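Close look at the chain arrangement
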Amino acid sequence: MKSKSLFFAIVLGMAGTLAQPSQARDLLIGSTSSASSHYGYFVAATRVINENAEGVSATVVETGATVDNLRRLSREQIDLGLVTTNIGYQAFNGLNDFEGRPVPTKLLWVYTVAPQNVVMRADAGVARLEDLDGVRFNPGIRGSATEATSEAVFAALGIAPEFVSGSTADVVASVKDNRIAGYVKSGVGDKLDGSSLDIGTFTEIAVLDLSDAQIATLRETMPDVGIVSVPAGAGPDIDAYDTWAFAVAVAARTDLDEETAYRITKAINENLAPQAAAFGALEGQDIAEMTMQQGTFPLHPGALRYYRELGLDVPSRLIAE
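Residues numbered from 1 in each chain as written. Predicted model: local features only at pLDDT ≥ 70, side-chain atom pairs only at ≥ 80, totals over all residues. Heavy atoms only, no water.

**Remarks on the packing of aromatic side chains**
This is how it is decided: Pairing of aromatic rings covers Phe, Tyr and Trp, the last through its six-membered ring, and needs centres within 6.5 Å; plane angles under 30 degrees mean stacked, over 60 mean edge-to-face, and all others mean tilted. The way it works is that DSSP assigns letters per residue, a run of H or I at least four long becomes a helix, a run of E at least two long becomes a strand, and they are numbered from the N terminus. To sort residues, take the accessible area from a 1.4 Å probe on protein chains only and compare it with the maximum for the residue type: under 20% means buried, over 50% means exposed, and anything in between is partly exposed.
Tallied over the entire structure, the rule returns eleven aromatic pairs. Here Y111 and F279 contribute two aromatic rings whose centre-to-centre distance is 5.5 Å and whose plane-to-plane angle is 75°, an arrangement assigned as edge-to-face. Highlighted residues: Y111 in strand β4 (residues 105-121) and F279 in the loop between α10 (272-278) and α11 (287-294), separated in sequence by 168 residues. F279 carries the same exposure label as Y111, and that label is buried. Taking 5.7 Å as the distance between ring centres and 80° as the angle between the ring planes, the aromatic pair formed by F137 and F154 counts as edge-to-face. Here F154 lies in helix α5 (residues 145-157) and F137 lies in strand β5 (residues 136-137), a separation of 17 residues in the sequence. According to the relative accessible area criterion, F154 is buried, its value standing at 0%. Members of the aromatic cluster, connected to one another through ring pairs, are Y41, F42, Y111 and F279.

**What about the pattern of salt bridges?**
Inclusion rule: What makes a salt bridge here is a side-chain nitrogen of Lys or Arg within 4 Å of a carboxyl oxygen of Asp or Glu, nothing more.
As enumerated under the stated definition, the model contains 14 salt bridges in all. R263 is paired through a salt bridge with E259; the nearest N and O atoms lie 2.9 Å apart. Highlighted residues: R263 and E259, both in helix α9 (residues 258-269), separated by four residues, approximately one helical turn. Between K266 and E270 there is a salt bridge, with the nearest N and O atoms lying 3.1 Å from each other. Residue E270 is classed as partly exposed on the basis of its relative accessible area of 44%. Several salt bridges converge on common partners, so that one network encompasses E258, E259, R263 and R305.

**Some details on the pairing of strand β7 (residues 182-186)**
What counts is decided by this rule: Pairing between strands is defined by DSSP: at least two bridges between the two strands are required.
Among the five residues of β7, five are classified as buried, and the element is accordingly described as predominantly covered. Here β7 shows a buried face lined by G182, V184 and S186 and a second buried face lined by Y183 and K185. In the sheet, β4 pairs with β7 via five bridges, with the strands oriented antiparallel. Each bridged residue has a counterpart across the sheet, and for V118 the counterpart in β7 is V184.

**Notes on the environment of M292**
As a reminder of what qualifies: Note on contacts: a residue pair is in contact if any heavy atoms of the two residues lie within 4.5 Å.
Relative to the elements of secondary structure, M292 occurs in helix α11. On the basis of relative accessibility, which here comes to 7%, the residue M292 falls in the buried class. Once the C-alpha coordinates of M292 and E162 are considered, the two residues, 130 residues apart in sequence, prove to be 38 Å apart. Excluding residues within four positions of it along the chain, M292 makes contact with L299, Y307, L312, D313, V314, P315, R317 and L318.

**Regarding the packing of helix α2 (residues 37-52) against α9**
Short version of the rule: To obtain an axis, a line is fitted to C-alpha atoms, over the contacting stretch when the element is a helix, and the angle between two such axes runs from 0 to 180 degrees between their N-to-C directions. A clockwise turn of the near helix away from the far one marks a right-handed crossing, whereas an anticlockwise turn of less than a right angle marks a left-handed crossing.
α9 packs onto α2 with a crossing angle of 115° between their chain directions and a minimal axis gap of 9 Å. Note on packing geometry: the crossing formed by α2 with α9 is right-handed. Judged by residue contacts, Y41, A45, V48, I49 and N52 of α2 engage I264, A267 and I268 from α9.

Quick look at the structure:
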């Protein structure tokens, strides 16, 4: 009897062990600059994961955003990370800067659409995008999708600013000190990013508008980039404008086990309030629906399982062949 009881205890113990995620380890989540409102989102999302995804312990890491995160994912330095849908698509498919070296990542969720705002000092004498020729200007924080996309946009439009690289904190200080005329910064929904509003408290700012001809050029030459119309009120005294945009998402390494990815995706989708409290653009949004509409590369199998459990019609572009 004792040997039989011992046998059943061992079997039950093994079953409990097998029920746990195959990677029972701490996870690192790459985010962006701590000066960005997106960093605040990742702090909140990490807390949601730790409190609601059983057996998962995650830590947020400040990084240079999308391109930096993709490099870290490929080097196995982080497990999850912020990516934009356009650069994420290119990395997954080995296109453009990733030609011949695709990054092994899969999509978990999309949390916002990010207008790319060209924020200028109002006294810089720059009224149109084409006026930026030869002007000292930051295209986005170093290593970010904003930087890579902005440089491609300006090249497509035949505009050649004098690009100045730096972190968000460096760039904000440079704009305030009038060492550079402006920068490109992802918006938060229909509002300017906190760093842009910070500049606006120091000096008057303006946001540049795409012309109809420039919109037509981008639609023809950069189909992976969207065009959005931002209504008046993105910041104090800011009129309505058109600009380019992409969605912001979270991707994971392909070797993240399915159960862990499932638990993380479930926790994020079913605990929206703390995330919306940290990132106002999420208020009233549906993460699952945004992911179905804005996702551009395949879902991780764990995330795919969760969305299918919701009864969603998952688009074929989000399913790996």
